[in-house]
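Below, each chain spelled out in residue letters.
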Amino acid sequence: MLYMIFGEDVAGGLPRRMAARSAHLAHVDELIQSGRLILAGPIPGIDSPDPGPAGMVGSLIIGEFESLEAATAWINADAYVTEGVFGKVTVRPFKQIFPA
């Protein structure tokens, strides 16, 4: 089943995000290599694809997992969680309708 993972950055977390980025991308690559990643990316802090010093305020990941518990365990092992980038993480089931 698909799950939506929404991580919200802590205030002023851009330095933490940059420090943990390589480990985070390696963790996401596990989903890519197993064919379970639907989409993923950061959420800019302002209305711009390149927010500069405004940085990012969170990330969205939609991936395939065996269960809600498995999706939660996967994100809890991610560097953005373990290194304190995300102050809040929401994991919910997701039903993809489009594109079909």
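Just above, that's the structure.
Along every chain, residues carry numbers that run from 1 in the direction the sequence is written. Side-chain atom pairs in this predicted model are given and counted only at pLDDT of 80 or more, local residue features only at pLDDT of at least 70, and totals for whole chains, interfaces and linings cover all residues. For side-chain calculations, the full set of non-hydrogen atoms in the structure is used, while hydrogens and water are omitted.

Colleague: What is the right way to read the overall build of the chain from this model?
Modeller: Labels follow the DSSP assignment, with helices taken as runs of H or I lasting at least four residues and strands as runs of E lasting at least two, numbered in each case from the N terminus. The secondary structure content of the chain amounts to three helices and four strands. Counting from the amino terminus, the chain carries its helices and strands in the arrangement β-α-β-β-α-α-β. Its C-alpha atoms give the chain a radius of gyration of 13 Å, near enough to 13 Å, the size a compact globule of 100 residues would have. With respect to the three principal axes, the spread of C-alpha positions in the chain is 35 × 30 × 25 Å. Looking at the chain alone, contacts between residues at least 24 apart form 71% of all its contacts between residues at least 6 apart. Values of accessible area rely on a 1.4 Å probe in the Shrake-Rupley scheme; residue burial ignores everything except the protein chains shown. Surface summary for the chain: the accessible area is close to 6,000 Å², and the carbon and sulfur share equals 58%. In this count, Lys and Arg are taken as positive residues and Asp and Glu as negative ones, while His and the chain termini are left out. By convention, the charge on Lys lies at NZ, on Arg at CZ, on Asp at CG and on Glu at CD. Of the side chains in the chain, 7 bear a positive and 11 a negative charge, and the two mean positions are spaced by 5 Å. We take the radius of gyration over the C-alpha atoms and set the globule estimate at 2.2 Å times the residue count to the 0.38 power. By the convention used here, residues are in contact when the closest approach between their heavy atoms is within 4.5 Å.

Colleague: Where do I start with the nonpolar core in this structure?
Modeller: Across soluble globular proteins, nonpolar side chains have a tendency to be buried as a group. Only buried Ala, Val, Leu, Ile, Met, Phe, Trp, Tyr and Cys residues count toward a nonpolar core, and they belong to the same one when joined by side-chain atoms within 4.5 Å. Partly exposed describes any residue whose relative accessible area lies between the buried limit of under 20% and the exposed limit of over 50%, with all areas from a 1.4 Å probe on protein chains only and scaled to the type maximum. One finds Ile5, Ile61, Phe65, Trp74 and Ile75 to be the most contacted residues of the largest nonpolar core, which totals 15 residues. At the level of secondary structure, the elements contributing two or more residues to this core comprise β1 (2-9), α1 (14-33), α2 (68-76), α3 (79-82) and β4 (86-94). Not counting residues up to four positions away in its chain, the partners in contact with Phe65 are Met1, Tyr3, Ile5, Leu31, Arg36, Ala70, Ala71 and Trp74.

Colleague: In this structure, what is going on with the pattern of salt bridges? I would like to understand it.
Modeller: Charged atoms that come close allow side chains of opposite charge to pair. Here a salt bridge means any side-chain nitrogen of Lys or Arg lying within 4 Å of a carboxyl oxygen belonging to Asp or Glu. In this structure the tally under the stated criterion is one salt bridge. Residue Arg17 is joined to Asp9 by a salt bridge in which the shortest nitrogen-to-oxygen separation is 2.8 Å. Using a relative accessible area of 5% as the deciding quantity, one classes Arg17 as buried. For Asp9, a relative accessible area of 13% gives the class buried.

Colleague: Even after reading the chapter, I still don't get the pairing of strand β3 (residues 56-64), so can you show me in this structure?
Modeller: At least two DSSP bridges between two strands are needed for those strands to be called paired. Two strands pair when backbone bridges link them, and β1 and β3 are joined in this way by seven bridges, in the antiparallel orientation. By the bridge assignment, Glu8 is partnered in β3 with Gly58.

Colleague: Is there a simple way to explain α2 in this structure?
Modeller: Think of an α-helix as 3.6 residues a turn; residues three or four steps apart then line up on the same face. Along α2, the positions that sit buried rather than exposed are Ala71, Trp74 and Ile75. Here the buried residues of α2 occupy an arc of 90° about the axis, which is enough to place them on one side. Along its buried surface, α2 packs onto β1, α1, β3, α3 and β4. In this description, the arc belongs to the directions extending from the helix axis to the C-beta atoms.

Colleague: Sorry, what's going on with the side chain of Arg17 here?
Modeller: Secondary-structure assignment places Arg17 in helix α1. Only 3.0 Å separates the side chain of Arg17 from the side chain of Ser59, close enough to count as a polar contact. Among all residues touching Arg17, those that are not within four sequence positions of it are Asp9, Pro42, Met56, Gly58, Ser59, Tyr80, Val85 and Phe86. For this analysis, a polar contact is any N or O atom pair within 3.5 Å, provided that within protein one partner can donate a hydrogen and the other can accept it, and provided that sequence-adjacent residues contribute only side-chain to side-chain pairs.

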